[in-house]
Every structure is written in C-alpha cells, then in structure tokens.
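# Inside the fold
So you can see what is in the structure, the chains are spelled out below.
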Amino acid sequence: VSAGSGAAARLGAAARAVHDGCRKALRAHATVAAVRSEEEGTKITVPAGFEPALVKLTGNVQGSAPYTGILRHRGWRATELTLPRPVAGYDPTVLAPAEVEL
C-alpha cells in the first residue's frame, strides 16, 4: 500500500463527512423528490414542450422533441422549503462580503 492511498482514504473520509453534514442540513430545511420517477439507465422519451429547467439534454442533441435517450440522472427538486427567519440586520442577498485587509 502506497503512502498516497492513505491520503486518498483520508480525503474520502473527509468528503463523506462533509456530504453527511450537507445532507443533514438540507433535510432539516427541505423536502426533496426526484424530477423523474424512472430508474437511472432507463430509456425514456422527453416530449415536446418539456421544461428545460427540469430536464437537461446532453450528448448529440439535434432536431426537435420528442427526444429519446438514456436517463443518466433523475434530478432533484425541492417540494417543500422552510428556511429560518433571518436575524435583524442580516441581508440574505449577500452571499459573501467583500474583504479589505488593513
């Protein structure tokens, strides 16, 4: 076993811990459901008039719908979302403040 494999194992463990924390936070504030009900790997038809926000076409996209292809990812959407009330003076539109080093 090489020294690199130990680092890879530690990195994998750290990533799993981060994903577990994200999953817990998401479940505390949102109910999610699959966009498509079919199993991944299934051949499906995307009809004309589909919502591009819900279905992303990839690969050799030509012509117009209906499109037939393999479902690679079912997608996820929030069916219920409850966020905590911001504290007074907090601006939720600021994603990251500017930094000024003095």
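Residues numbered from 1 in each chain as written. Predicted model: local features only at pLDDT ≥ 70, side-chain atom pairs only at ≥ 80, totals over all residues. Heavy atoms only, no water.

### Things to note about the overall build of the protein
On a plain count of helices and strands, the protein comes out with one helix and four strands. For the protein, the α and β elements follow one another from N to C terminus as α-β-β-β-β. Reported as C-alpha extents along the three principal axes, the dimensions of the protein are approximately 55 × 55 × 30 Å. Burial statistics for the protein: of 102 residues in total, 8% are counted as buried. Carbon together with sulfur atoms contributes 57% to the accessible area of the protein, which is approximately 8,800 Å² in total. (Helix = DSSP H or I, 4+ residues; strand = E, 2+ residues; numbered from the N terminus. Buried < 20%, exposed > 50% of the residue type's maximum accessible area, 1.4 Å probe, protein only. Areas by Shrake-Rupley, 256 points an atom, 1.4 Å probe, with all protein chains shown as cover.)

### What to know about the layout of surface pockets
Of the volumes computed, that of the largest pocket is approximately 540 Å³. In terms of lining residues, the largest pocket is bounded by 22 residues, among which V55, K56, L57, T58 and I70 are the most central. Contributing elements (two or more residues each) for the lining of the largest pocket: β2 (43-46) and β3 (67-70). Broken down by element, the lining of the largest pocket gets its largest block of residues, four residues, from β3. Considering only residue class, the lining of the largest pocket consists of 12 nonpolar, six polar and four charged. (1 Å grid on protein atoms, 1.4 Å probe; cavity = no way out; pocket = protein on both sides within 12 Å on 5 of 7 lines; lining within 4 Å. Points joined across faces, edges and corners; volume = space filled by probe spheres on them. Nonpolar A, V, L, I, M, F, W, Y, C, P; charged D, E, K, R; others polar.)

### Re the nonpolar core
With five residues, the main nonpolar core is built from I44, V46, V55, Y67 and L71. Every residue in contact with L71, bar those within four places of it in the chain, is listed here: R36, E38, E39, E40, G41, T42 and I44. (Core = buried A, V, L, I, M, F, W, Y, C linked by side-chain atoms within 4.5 Å. Contact = heavy atoms within 4.5 Å.)

### Re the confidence of the model for the protein
The predicted coordinates ought not to be read in detail in places where the model reports low pLDDT. Taken residue by residue, the protein gives an average pLDDT of 91. The fraction at 70 or more is 96%. At the low end of the mean pLDDT range in the protein sits helix α1 (residues 3-29), at 90; at the high end sits β2, at 97. (pLDDT = per-residue confidence, 0-100.)

### Here we look at the pattern of salt bridges
Per the stated rule, a full pass over the model turns up two salt bridges. With a closest N to O distance of 2.8 Å, R23 and D20 form a salt bridge. Separated by three residues within a single helix, R23 and D20 lie in helix α1, roughly one turn from each other. When the shortest N-O distance is used, the salt bridge between R36 and E38 registers 2.8 Å. On the basis of relative accessible area, R36 is assigned to the buried category, the value being 19%. (Salt bridge = Lys/Arg side-chain N within 4 Å of Asp/Glu carboxyl O.)

### Regarding the environment of R72
Positionally, R72 belongs in the loop between β3 and β4 (76-81). Through-space distance from the C-alpha of R72 to that of G41 is 5.8 Å; in sequence the pair is 31 residues apart.

### What about the environment of L26?
Residue position: L26 is located in helix α1. Assessed through its relative accessible area of 46%, L26 is described here as partly exposed. Considering only alpha carbons, one finds L26 and A78, 52 residues apart in sequence, at a separation of 9.9 Å.

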